[in-house]
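Okay, here's what each chain looks like letter by letter:
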Amino acid sequence: MSLTDEQLNKAINIFRRQTEADFFINKDARGFLCEQFDLWMYQYIFQEETIFQQERLRQLQSIQQTAYDIIDFISQFEDELCRVWEKPKFVRNVNYVVTLDKLTGGVLNKISKHQGANAQIEEWRELGMVDDQFSIKEIFNGQRSLDDANGASGDYKFLPLDTKHFKDLELEIIDALGNLDEALDGELVHSENWQALNTLQKRYKEKVKCIYIDPPFNLDSSDQFNYRTNYKNSCWATLLENRISLGKNFLSDDGSIFVRCDYNGNWIVRFLMDNTFNHELINEIQVNTTQKIFEGVHGYNIATNSLFWYGKSYHVYISPQRIARDNIYWLPCHSGGERKPPERNFFGKTLLPPSGRHWTFIQDKIDYMIKDNRIRINQDKEYEDMRGSLIKGMPEYQIAERKLLNSNWTDIPGYTSTTSFPTENSEKLLNRVVKTASMRENVVCDFFSGSGTTTAVAHKLGRKWIGVEMGEHFYSVILPRMKKVLAYDKSGISKEVKEYKGGGAFKYYALEQYEETLKNAHYQDGEQIEIDSMKSPFEQYVFFGDDKLAHAVKLPKKPSKDGKLKINLRSLYADIDIAESLSNVLGKPIRKRTADRVTFEDGTTKKTNPAKMTAAEQQDFISLIKPYLWWGE
């Protein structure tokens, strides 16, 4: 079939309009429509020319009742969209990234002979981790093969292996990690962020110490994102409030959140955050923005952004940070009043303080400060010691080189450009945020991940991390960046963090999305099922008899003797991950995975292959996954 230019242009215009559409679903469609009708009725009745005759009033009452019936019915369609939006989303296409040092020699031997090894080597080359002459045998560090007691070492031990190249070995690979979710450093989630936050509510409730987000505001969609960002005021406030409210549930009682915004949105963010976090503002911090010179600007160019820091409670965790002083001061190493013993040892020489004075520090402190290069002998200064002897060379000490940080953070870059991302938050900025608001092994979250700076810095600082992003740069920017971090990324703060040497493991996956649910859900014509005699037919749930996604669960054509059902979740999505989906709906981290079972952190085990379940186990399984499959009254 050939298309005319007119038909093609029409299709393109429809597609373009769809990309400009966003999912702002009314949470109370009936209330909103009734309010709008009542306003119209009020205006109509109180118009000056209205004649209040009995017959006309009866007509208006009939119109009102009919309108309410229609509203009751049509609002259910918006309510149904809201239910689809709010249902938890299936986990899809889970992969693991693990550095070679964490794998046993036996697994590495299998990897070296696997057909996916070539694809993995090509990926390492593209990431700049190996050269064109690299051979998989080089991971053996000169040995012919490896055993379980002798794994990868040498220059290639931190090469990040992606299990997408070795799916038939994946269970063996992750089994080498031990307690799976505990061993993982973090997870990357490819999803619209409200969907992700809603789905992960049970899994991460009160487990996150620090959240950092830099939400896009009023940007040209073509600038850097593959989704709409040119929201205005009320729309942006609604979008942000919905997500921050969910994110707040992730925070521990002593956790905190940082929200970065520019002058366009700071007045909205301050109001929104005050309401969401009960006015628990810790600081409004000033950070540098990009130093672009805009022609024809009215006034001065904007040099700073606001970084709002709020605590979930008054008892928020804070680790005050110090920065280098602008000037270095040297002060005499003595103070008023005499003390015993008066003498101190400076650089191997015993000295007495001036008459009527004492040396400021005890000997242990002096020794420490000498080692720290903070004490010197100034040969240009003489002093008369307490015996009256004139001595050349006054001991002096340098005040601490670092001072307590304040809310002015313009001493460091706010943005950098180590990736192709034009508004990439600088690692120096995130280093300061993460150190201020968390400790090692704490969880750090960013649900507007952008280029992945938050997760990169969190990993380098020994924190656990969660990153959520919906754009395709999830795969082209964030994922490669985190693989480089595992291999030891020399950029950003890497050289400043002595503990960071490379290595680690994380998982990444996609979530089912709203549009996909709508596409796969089964709705059909049929008579309405009335289940509540106290409600009018217009108020009855219209979609009660529809399958939604429950068509993945069927009775077999021929009833089986054991009463088992035919359950095929992969008929919905071929890459669905049942273990991870169960983990999210139960709120339990995964300890171990096998082909047919998942064991959770609390020791409980669930089967993941419905074909190998008993009828009773199938019923239990269906009750667990019901929120994914069917929604309604």
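As a reminder, the structure under discussion sits directly above these lines.
Residue numbering note: each chain is counted from 1, following its sequence as written. It should be noted that, the model being predicted, local features are given only for residues of pLDDT at least 70 and side-chain atom pairs only at 80 or more, the latter also being counted only at that level, while totals for whole chains, interfaces and linings use all residues. The side-chain values count all of the structure's non-hydrogen atoms but skip hydrogen atoms and water molecules.

**Q** Lay out the overall build of the chain in plain terms, naming residues and giving numbers.
**A** Each helix is a run of DSSP H or I of at least 4 residues and each strand a run of E of at least 2, with the numbering of both proceeding from the N terminus. Check the secondary structure of the chain and you find 18 helices and 26 strands. Both definitions apply: the radius of gyration is a C-alpha atom measure, and the globule rule equals 2.2 Å times residues to the power 0.38. In summary, the chain has a C-alpha radius of gyration of 32 Å against a globular reference of 26 Å for 633 residues, an excess of more than 25%. In terms of principal-axis extent, the alpha carbons of the chain reach across some 115 × 85 × 55 Å. Put simply, the chain has 633 residues, and 47% of those count as buried. Looking at the chain as shown, the accessible area adds up to about 33400 Å², and 50% of this sits on carbon and sulfur atoms. When accessible area is computed with a 1.4 Å probe and restricted to protein chains, residues below 20% of their type maximum are described as buried, those above 50% as exposed, and intermediate ones as partly exposed. For accessible areas, the Shrake-Rupley method is used with a probe of radius 1.4 Å. Any residue's cover is judged against the shown protein chains and nothing else.

**Q** Can you break down the pairing of strand β25 (residues 597–600) residue by residue, with the values?
**A** Between any two strands, at least two bridges found by DSSP are needed for them to pair. Direction of pairing for strand β24 (residues 590–593) relative to β25: antiparallel, over a ladder of 3 bridges. In the strand pairing of β25, K592 is matched with T599. The hairpin turn running from β24 into β25, its antiparallel successor, is 3 residues long. Between β25 and strand β26 (residues 605–607), which pair antiparallel and follow one another directly, the connecting turn spans 4 residues, one of which, G603, has a positive phi of 95°.

**Q** Explain the sheet that holds strand β9 (residues 330–332) to me, using residue names and the numbers behind them.
**A** Each strand in a sheet pairs with another by means of backbone hydrogen bonds, the pair being arranged parallel or else antiparallel. Pairing is antiparallel in the open sheet, where 3 strands are placed in the order β9-β15-β14. Only two strands of the sheet have a single partner each, and these edge strands are β9 and β14 (375–384). The sheet shows a mean angle of 45° between the axes of neighbouring strands, direction not considered. As judged from the 3 bridges shared by β9 and strand β15 (residues 390–398), these two strands associate in the antiparallel manner. Axis lines are fitted through C-alpha atoms, for helices just across the contact stretch, and the angle between N-to-C directions can take any value from 0 to 180 degrees.

**Q** Tell me about the sheet that holds strand β2 (residues 160–162), residues and numbers included.
**A** Taken in spatial order, the 10 strands of this open sheet run β2-β1-β21-β3-β20-β19-β4-β5-β7-β6, and their pairing is mixed. Of all the strands in the sheet, the pair left with one neighbour each is β2 and β6 (281–288). Within this sheet the neighbouring strands show an average axis-to-axis angle of 15°, counted without direction. What makes two residues a contact is simply this: any of their non-hydrogen atoms within 4.5 Å. Across the face of the sheet, helix α15 (residues 473–486) comes into contact with β1 (91–99), β2, β3 (186–190), β20 (464–469) and β21 (505–511) while running at roughly 170° to β21.

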